[in-house]
Amino acid sequence: MLQIPKALLQIPHQQDIPFARLTTLGLGGLCRWLFEPVNEQQAQDFVRICHQAELPFRVLGAGSNILALSDIEEPVLRLNLGSEVVRKGNEIEATASHGQILLAEKAAQMGLSGLEWSSGIPGRMGGALRMNAGAHGGEWRNVLSRYRFLMPDGELIEKAPEEGEFSYRWSHLKEGKVLLRAWANLSPTDENEIRARMDAYRQKRLGSQPKGRSAGCIFKNPPGRHAGQLVDECGLKGLRVGEAMVSLEHGNFLLNLGQATVADYQALIDRVRQTVEKEKGVRLEFEVEVWPTRF
Ligand code: EPU
């Protein structure tokens, strides 16, 4: 049984919360310890205490890109830093807790273009930046001008992004680093033009992506290919194990039809990966974060 340092209990927390409630996919084990700092100081205290106790921790946002396969004993950090957006010129600043869809909406209201691609991404900004989320040809690294984060020992760093820190669905903000706040450099544009782009993306999404419970695209696109298309070409759409099913709309979405178990979901993933590897010679890698890593 994991020992939680007493000092951590000063930070707002909850115990034994099912990941079914903490993730959009709606399945998984229990989150034994969920810590929810309400300001940057508490977040820094959390990271420092864990570092001193040599206690590894995980970071959770909206849980829209997480597949939590079993109980997680180590502390899970979910920042609760509010959702204020500050504008200075063409730059906006928001906390890692801010919802990505709402952020794109606020930027549109301000007549600032650059985040339209993210108007359908259900996560929070922290998760979006940590994965360098992207869609419709846009991605976070294209607009990021500054960011503030904690190092694994709790040191606070604020800097401009540099070469090598963000790439396709990857950033260095992992392994004990915690994003706190970010600044995006946007372009003043007529609000109607921004909204027209957001509407076009919405239409495209509605036409090609399912509405059911999922973690978004489950696999990364292999270089020069589309994971969804590969799954589709293997005839796997509609494949079902218990209550887990490959979406009929998009091959890279694996749905929880309601009561899917972790075992159903794992078996479906295995069958999809094995088939695509056998028929296409491509080993699909996860785009979602798998807790704990098993594959
Ligand atoms: N396609 C098929 N069958 C399918 C799915 C797709 O043939 O079942 C074909 C489409 O017809 C199209 C191509 O594959 O020619 C690409 O499809 P799509 O435009 O849907 O893009 P994607 O590469 O599958 C990426 C992101 C999505 C993002 C969309 C829209 C990844 C792994 N996925 O999907 O992101 O919403 O582009 O820009 O990069 C996510 O990150 O969770 C996610 C869903």
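These lines cover the structure that appears in this document, whether it is placed above or below. Bear in mind that the values here come from a model prediction, so they are computed numbers and not experimental data. (Residues numbered from 1 in each chain as written. Predicted model: local features only at pLDDT ≥ 70, side-chain atom pairs only at ≥ 80, totals over all residues. Heavy atoms only, no water.)

**So, the side chain of Q44**
Quick reminder of the rule: For the purposes of this entry, the term helix denotes a DSSP run of H or I that reaches at least four residues, the term strand denotes a run of E that reaches at least two, and both are numbered from the N terminus. Remark: exposure states derive from per-residue accessible area (1.4 Å probe, protein chains only) relative to the maximum for the residue type, with buried under 20%, exposed over 50%, and partly exposed in between. Whether two residues are in contact is decided by their heavy atoms: any pair within 4.5 Å suffices.
Considering the arrangement of structural elements, one finds Q44 in helix 2 (residues 40–52). Taking relative accessible area as the criterion, Q44 reaches 12% and is therefore assigned buried. Not counting chain neighbours up to four residues away, the residues in contact with Q44 comprise L150, G154, E155 and L156.

**Side note on the sheet that holds strand 17 (residues 240–241)**
Which entries qualify depends on this criterion: Pairing between strands requires that DSSP locate at least two bridges from one strand to the other.
As summarised here, the arrangement of the 3 strands in space is 17-18-19, forming an open sheet in which the pairing is antiparallel. Either end of the sheet is taken by a strand with one partner, and the two such strands are strand 17 and strand 19 (254–256). Where strand 18 (residues 244–246) lies against strand 19, 3 bridges are found, and the strand directions are antiparallel. Opposite A244, over in strand 19, you have N256 as the bridge partner.

**Section: the packing of aromatic side chains**
Formally: By convention, a stacked pair of Phe, Tyr or Trp rings (six-membered ring in the case of Trp) has centres within 6.5 Å and planes under 30 degrees apart, an edge-to-face pair has planes over 60 apart, and any other such pair is tilted.
Taken as a whole and judged by the stated rule, the model has 7 aromatic pairs. With a centroid separation of 5.4 Å and 75 degrees between ring planes, the pair formed by Y147 and F166 is classed as edge-to-face. Here the residue Y147 occupies a position in strand 11 (residues 144–150), and F166 occupies one in strand 13 (residues 166–167), the gap between them amounting to 19 residues. Across the pair, F166 and Y147 agree in class, each one buried. Of the aromatic side chains, those joined through ring pairs into one cluster are W33, F35, F46 and F57.

**A few points about the environment of P12**
The topology assignment puts P12 in the segment before strand 1 (13–18). Take P12: its relative accessible area is 33%, and that puts it in the partly exposed class. Once the C-alpha coordinates of P12 and R130 are considered, the two residues, 118 residues apart in sequence, prove to be 23 Å apart. Non-local contacts of P12, meaning those with residues more than four positions away in its chain, are made with L34, F35, E36, V38 and Q42.

**Details of helix 5 (residues 191–208)**
Along an α-helix, a turn takes 3.6 residues, which lines up residues three or four apart on a common side. Inclusion rule: By definition here, a helix of n residues has an expected span of 1.5 Å times n minus one. This arc is built from the directions going out from the helix axis to the C-beta atoms.
Under the 1.5 Å per step criterion, the end-to-end length of helix 5 is 26 Å for 18 residues, consistent within 8% with the ideal 26 Å. Looking only at helix 5, the buried set comprises I194, M198, Y201 and R205. Each buried residue of helix 5 sits inside an arc of 60 degrees when the element is viewed along its axis, so together they form one side. For helix 5, the exposed residues set more than 90 degrees away from the buried face come down to N192, Q203, K204 and G207. If you follow the buried residues of helix 5, they end up packed against helix 3 (100–109) and strand 8 (112–113).

Remember that the coordinates give geometry; whether it matters functionally is a separate question.
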